[in-house]
Amino acid sequence: GYMKIVSRIVRKSAFAMGAYAIMFVLMMLGFRAMPGGFVPGEDEGYFFVDAELPAGASLERTAAVMDRVNEIFMQLPGVQNVITVGGYSLLNGVASANTGFSIVSLDHWDDRPVSQIREATTFAFPPPPIQGLGAAGGFEMQLQDKGGIGLIQLETFANDLVAAGNASPVTTRLNQNFRASVPQLFAEVDREKVKAVGVPLQSVFNTLQANLGSAYVNDFNLYGRTWKVMVQADQQYRARSSDIERLEVRNANGDMIPVGTLASVRDTVGPQTINRFNLFRSATLTGGPDAGYSEGQATNEIERLARQVLPPQMDYEWSGVTYQQKEAGNLAPLIFSLAIIFAFLFLAAQYESWANPVSVMMSVPIAILGAATFVLLRGLIQPMENNVYTQIGIVLLIALSAKTAILIVEFAKQQHEQEGKGLIEAAIEAARLRFRPILMTTFSFILGMIPLVLSTGAGARSRVSLGTAVFGGMLIYTILGVFFIPVLYVVIEQVWAKLFRRKGKEAAAVAVEA
């Protein structure tokens, strides 16, 4: 049955080339339809939880909330351990009394089978796919105040963009870390009075630092180690603003002077921290794609929303893994083109011919069509994107499809040049001789890809991306390529012969005239 089909389509090359042109167009459309991505987020066996209480909340309230977070997670199936830290935001990278984070360690992937906190805003997020690039998986954007509109407006527009992103069906888990109106205590030191009573100004500042914060004293050696000595007022002596006024400093006469007579303490509001990105005051916005969408689609959606929400005085820049993704850009066409060119040049050197490599490399789009088709079909079941691993799989397909085409083209070349058969007969005979070896080699490889396609557990998304592209590409290529490779060989050889025959006649005519 295979030989009957090959014999017919080789003799009807115009019809076959029309079908090839349709597949080539479908390949281009399918490749463009694949959602863009960079490095897929993986299930690394743990995730982070960030909690933020209202501004000005004490560390005791934060600790109580984090204890409840701990209890809730330990009751969930699939959770193995929880590490809770109060007073630090892992997502924002800020040490403050009203924030905390937890690291939730999960059971093994095979043993796994959903918030009840109203006092705080909590976010659960995966770690970044590349450790060190950002604090969380997903995208990371820096909103920049380039026009000097002020801290209040920076927070307002950041919250507007977060609200727009959370309302979008494409993005989820949006959060921004900037707070411009955090309750604070402002201690205003009367410098003239400090000087009048003979107290060194630095002593006032050192007293406030040591009691309200901490101060380094010295080091000492014990048990073969060096230990630091830090001083700090105990908790009950720095719990209220009136405690600041009861602190005392020594003047030049050795008398103890209450700080309350030298400084006034009042309530105020201000930013908890001021971050700068490229020298501009900035707010960090994080989030990720919603179910069924890719990282590329999520970043494009946030860029669209930013153009709608942000005023002209504000701009944005990408950071973390998203910055690397944007910097890399769409290099896939360039990479694939280079792979095809190198493969073509290697084949041209091996066969000392320009025609045979052309017929071999023209079969590559069939494999890429299969990869794009299976990636799009798999995306209907779970998120699938054209990421780094998918592109590695497509580069691999270029080599595998060329290797398979060589099996037929090389034998057809021998049948034509050494046995003296016509192009059509040589192509048909080569297809007959190499049909079974092609099926054995390709299906052994295709079956070997099934564990990657069905992969679960650690690193599953990268293996699934690679396996799906290669599995689909080789499967479609094997089904269609065995029919189209002989046709491509015949067509390219015929076109090549006509071109060189015409050039040969023109050269001969020039020689006769000379």
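All figures in this text were calculated on a predicted structure; none of them were measured in a lab.

Reading guide: rules and limits
- Residues numbered from 1 in each chain as written.
- Predicted model: local features only at pLDDT ≥ 70, side-chain atom pairs only at ≥ 80, totals over all residues.
- Heavy atoms only, no water.
- Helix = DSSP H or I, 4+ residues; strand = E, 2+ residues; numbered from the N terminus.
- Rg over C-alpha atoms; globule rule 2.2 N^0.38 Å.
- Buried < 20%, exposed > 50% of the residue type's maximum accessible area, 1.4 Å probe, protein only.
- Areas by Shrake-Rupley, 256 points an atom, 1.4 Å probe, with all protein chains shown as cover.
- Lys, Arg positive; Asp, Glu negative; His and termini not counted.
- Charge placed at Lys NZ, Arg CZ, Asp CG, Glu CD.
- Core = buried A, V, L, I, M, F, W, Y, C linked by side-chain atoms within 4.5 Å.
- Contact = heavy atoms within 4.5 Å.
- 1 Å grid on protein atoms, 1.4 Å probe; cavity = no way out; pocket = protein on both sides within 12 Å on 5 of 7 lines; lining within 4 Å.
- Points joined across faces, edges and corners; volume = space filled by probe spheres on them.
- Nonpolar A, V, L, I, M, F, W, Y, C, P; charged D, E, K, R; others polar.
- Phe/Tyr/Trp six-rings, centres within 6.5 Å; stacked < 30°, edge-to-face > 60°.
- pLDDT = per-residue confidence, 0-100.

Attention now moves to the overall build of the chain. Within the chain, the secondary structure is distributed over 15 helices and 15 strands. At 34 Å, the chain has a C-alpha radius of gyration far larger than the 24 Å of a compact globule built from 514 residues. Summarising its shape, the C-alpha atoms of the chain cover approximately 120 × 65 × 55 Å along the three principal directions. The buried share among the 514 residues of the chain stands at 43%. Split by element, the accessible area of the chain, about 27,000 Å² in all, is 58% carbon and sulfur. Charged side chains of the chain number 41 positive and 43 negative; the gap between the two group centres comes to 10 Å.

Looking now at the nonpolar core. One finds Phe31, Val360, Met361 and Tyr489 to be the most contacted residues of the largest nonpolar core, which totals 63 residues. Of all the elements, helix α15 (residues 460–513) adds the most residues to this core, at 15 residues. The contacts of Met361, once residues within four sequence positions are left out, are Ile340, Ala343, Phe344, Leu347, Ile398 and Ala402. Leu143, Leu154, Leu161 and Leu305 belong to the second largest nonpolar core, which has 22 residues in total.

A few words on empty space enclosed by the protein. By volume, the largest cavity amounts to about 90 Å³. Taken together, Glu52, Ser89, Asn92, Val94, Ser96, Asn98, Thr99, Asn177, Phe178, Arg179, Gln272 and Thr273 make up the full set of residues lining the largest cavity. Counting residues per element, the lining of the largest cavity draws most heavily on strand β3 (residues 94–106), at 4 residues. Within the lining of the largest cavity, the residues separate by chemical class into 2 nonpolar, 8 polar and 2 charged.

It is worth spelling out the packing of aromatic side chains at this point. This structure, assessed with the given rule, holds 9 aromatic pairs. Ring centres of Tyr88 and Phe101 lie 6.1 Å apart, and the angle between their planes is 75°; this geometry places the pair in the edge-to-face category. Here Phe101 lies in strand β3 and Tyr88 lies in strand β2 (residues 79–89), a separation of 13 residues in the sequence. Residue Phe101 is classed as buried on the basis of its relative accessible area of 10%. Members of the aromatic cluster, connected to one another through ring pairs, are Tyr2, Phe435 and Phe483.

Take the confidence of the model for the chain next. When pLDDT is averaged along the chain, the result is 84, and 91% of the positions lie at 70 or above. By mean pLDDT, strand β4 (residues 121–125) is the weakest element of the chain at 63, and strand β9 (residues 225–231) is the strongest at 93. Across residues 504–512, where pLDDT falls below 50, the model places 0 contacts with residues more than four positions away in sequence or in other chains.

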